[in-house]
Every structure is written in structure tokens, then in C-alpha cells.
Amino acid sequence: MKKRDYKEQERQRRYYFFDYLFWLGEMAQRHYKGEPRRPDGESMLMLCIMIFIYEPIFLTTAHFLFDSTVFEWFTVAMIAGIVAILHYLSNGRIYPFSRREAVMQHYEGRRFSPFRCYFFLFSLGFLMIAEMYLLPSTLMRIDGRKAEPVENTRTEVPQRWRDYLALHITVGARQEVPSEALQYLINQDGRTSRYGQPVYVMQVREEDMGGEFRVGLLNHATFDEIQDGSQKFVECTWVKGYTPDSIRVLLTGWYEVRNTGLCPVDSLEWTEDTEF
């Protein structure tokens, strides 16, 4: 009777691609006698969850909510979610142990191929990486969020953390966290409303005055005044866009810090290939 009942359940049960991947992972563990670097059934299932569920949700949300407080909380929730998925997967709540046994019995007798196992494993890994680049581009095409031409054939681009990295080497830029009062004054600047938040904000110090990039400040203060802090200057840089040769166009503004607020003293528009 038990054998007959099992055959009846086997005819009603359907098996999918992820079931086959689970079997491949489990057989790889048996084939290599449980070596820790080898895939197992749960790791193959986790790859499927990441590719077909986790990444699409995360990347889609990032596209529409990036740079918002909501996205920061969503990221924390997603990290907690992936930990919970790992926990419930290992406890058999997402992929029950009864189904695992049925899958292993269903594919019993089929020859295991290590080549096929690693082919699917690396294919899934490649698909995960490709999805990180292809899905955001697809979303930009769908909602029409693309670069638009502006004056002098430049193209406005969104502010991103990566825009700051090269500037650290080129002009000694630093990412400093301005006070709330200072941030408020910067936000009132017309360039902030036009080009978005600055790529970086920093106070100019004596060690920053070595090259020609900030030499214009010496028209408003002496080197000693900058050195002892009797006159303070704040430097902000925005990414205005790109030249036709895909070179970034940047705008740097300098402000003198006074009791009444910030006073613009100098500005410079330059490209990232400029040498100072």
C-alpha cells in the first residue's frame, strides 16, 4: 500500500528546474564527499532565489527610490530578509525536507555529471552579475529616465558617489559632513537646485593650498589667514555634465564663511582631464 501511495503521489507531483538544480547540488556534495567549497542543494536554491526574486525587487526599488531615506530602510529590510531566508531555507520551511526526499527519489538512477553541475552553477553566477547591469538599464528605457542634452552639447548626469573618487586624487577632494546650518546655506545656492547636491563639500585647509587649483583664494585671504583659520572657506563641486568626448564637466564654487552665512568668492568650471 505504501508503495502504491507513493507512486500515486509521484504522478501528481510536478518537478521544476530548481528541483533539478537542488539534485545537482546534493549529488555534488555526495560526489566530492562533503567538501566545503563544493556546491550543495541549498546553495543552488539560494542562487535561484537571489536571481529570480531578490535582485529584481532590490534593483527595481533602487532605481525609483535611490538617494531617499526610504531606500536606506528598505536596504536594511532586504539584508534582514536575506538572513531570514537563509535561516528558513536551512530549517526546511521554504523548501520542505519531504520535497527534498521526493526530488532525490525522482532523479534516482540518473547519472550525475560534474560538468553539468558546474555549468549551471557558473551560468547562474554569470546571470546574477549580468542582471545587476542589464535590469537598471532596462528600467531607464522603460520609464524614459535618460540623459538629456543641455547647452554646449553637455549632458546632465545624476550625482553618484563614484563621481567623487577620481576627484580625491585629482584635486585632493575630501568628503566631509557639513553641519545642518552649513548644509542649509549650500542648499540655497542656485547651483545646488540646478545640478543637484554637490559631489563633495570640504573646508579648505592649509595643506590644500599647494597646487594651482585653489590659488584664486589668495585674492581674498593670505596663506597665513587660511593656515590659522582666521578666514575660512568652503569648497563645493558639482558635476555639470559631459563633453561630447565623454569627459566630465565640473563646477567648483568657493564660499567664505562669515557670521551672516556663506559669501561666494570664486568659482571655476573645469573638466576632469585638466591638469593643475
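Above this text is the structure in question.
The shown structure was predicted, so the numbers you read here are calculated from the model rather than taken from an experiment. (Residues numbered from 1 in each chain as written. Predicted model: local features only at pLDDT ≥ 70, side-chain atom pairs only at ≥ 80, totals over all residues. Heavy atoms only, no water.)

### A few points about the overall build of the protein
The criterion, for reference: Secondary structure is summarised from DSSP: a helix means a run of H or I of at least four residues, a strand means a run of E of at least two, and numbering begins at the N terminus for each. The contact rule is simple, with two residues in contact once any of their heavy atoms fall within 4.5 Å. Method for areas: the Shrake-Rupley scheme with a 1.4 Å probe, in which residue coverage is limited to the protein chains shown.
A tally of regular secondary structure across the protein gives ten helices and four strands. Walking the protein from its N terminus toward its C terminus, one meets helices and strands in the order α-α-α-α-α-α-α-α-α-β-α-β-β-β. A separation threshold of at least 6 residues defines the contact pool for the protein, and within that pool the share at least 24 residues apart is 61%. Summing over all exposed atoms, the protein offers an accessible surface of approximately 17600 Å²; the carbon and sulfur share of this is 56%.

### Brief notes about the pattern of salt bridges
Selection criterion: Think of a salt bridge as a Lys or Arg side-chain nitrogen and an Asp or Glu carboxyl oxygen that are within 4 Å of each other.
In the structure shown here, the tally under the stated rule is nine salt bridges. Aspartate 208 serves as the salt-bridge partner of arginine 174, at 2.8 Å between the closest nitrogen and oxygen. With a gap of 34 residues between them, arginine 174 in the loop between α7 (162–170) and α8 (180–187) and aspartate 208 in the loop between β1 (200–203) and α10 (223–228) connect regions that are remote in the sequence. Between arginine 205 and glutamate 176 there is a salt bridge, and its shortest N-O distance comes to 3.6 Å.

### Let's talk about the nonpolar core
Looking at soluble globular proteins, one finds that nonpolar side chains tend to be buried together. Our working rule: Nine residue types can take part in a nonpolar core, namely buried Ala, Val, Leu, Ile, Met, Phe, Trp, Tyr and Cys, and a core is a set of them joined through side-chain atoms within 4.5 Å. Relative accessibility decides the category of a residue: with a 1.4 Å probe and only protein chains considered, values under 20% of the type maximum give buried, values over 50% give exposed, and everything between is partly exposed.
Counting 32 residues, the largest nonpolar core has Leu21, Trp23, Leu24, Val103 and Phe112 as the members making the most contacts within it. When residues of this core are traced back to their parent elements, those giving at least two are α2 (17–31), α3 (41–65), α4 (69–90), α5 (97–106) and α6 (114–143). Broken down by element, the residue count for this core peaks at eight residues, all from α3. Membership of the second largest hydrophobic core comes to 18 residues, among which are Phe233, Val239, Val265 and Trp270.

### Observations regarding the sheet that holds strand β3 (residues 248–258)
Picture the strands of a sheet paired through backbone hydrogen bonds; they go either parallel or antiparallel. This is how it is decided: When DSSP finds two or more bridges between a pair of strands, those strands are recorded as paired. Under this scheme, a helix contributes an axis fitted over its contacting stretch, all axes are lines through C-alpha atoms, and angles between N-to-C directions fall in the 0 to 180 degree range.
Across the sheet, four strands lie side by side as β1-β2-β3-β4; this open sheet has antiparallel pairing. Of all the strands in the sheet, the pair left with one neighbour each is β1 and β4 (261–271). The mean angle between the axes of side-by-side strands here comes to 20 degrees, regardless of whether they run parallel or antiparallel. Examined bridge by bridge, β3 and β4 share ten bridges and lie antiparallel to one another. Of the residues in β4, the one forming a bridge with tyrosine 255 is proline 264. Across the sheet, α8 lies against β1, β2 (233–242) and β4, angled at about 60 degrees from β4, the strand it touches most.

### Some remarks on the packing of aromatic side chains
Using the following cut-off: Think of it this way: a Phe, Tyr or Trp ring, Trp meaning its six-membered ring, pairs with another when their centres are within 6.5 Å, and the plane angle makes it stacked under 30 degrees, edge-to-face over 60, tilted otherwise.
For the structure shown, the criterion picks out 18 aromatic pairs. A centroid spacing of 6.4 Å and a plane angle of 25 degrees characterise the contact between phenylalanine 115 and phenylalanine 119, whose relative ring orientation is stacked. Taken together, the positions of phenylalanine 115 and phenylalanine 119, both in helix α6 and four residues apart, correspond to about one turn of that helix. An aromatic cluster of at least three residues, connected via ring pairs, comprises Tyr15, Phe17, Tyr20, Trp23, Tyr107, Phe115, Phe119 and Phe120.

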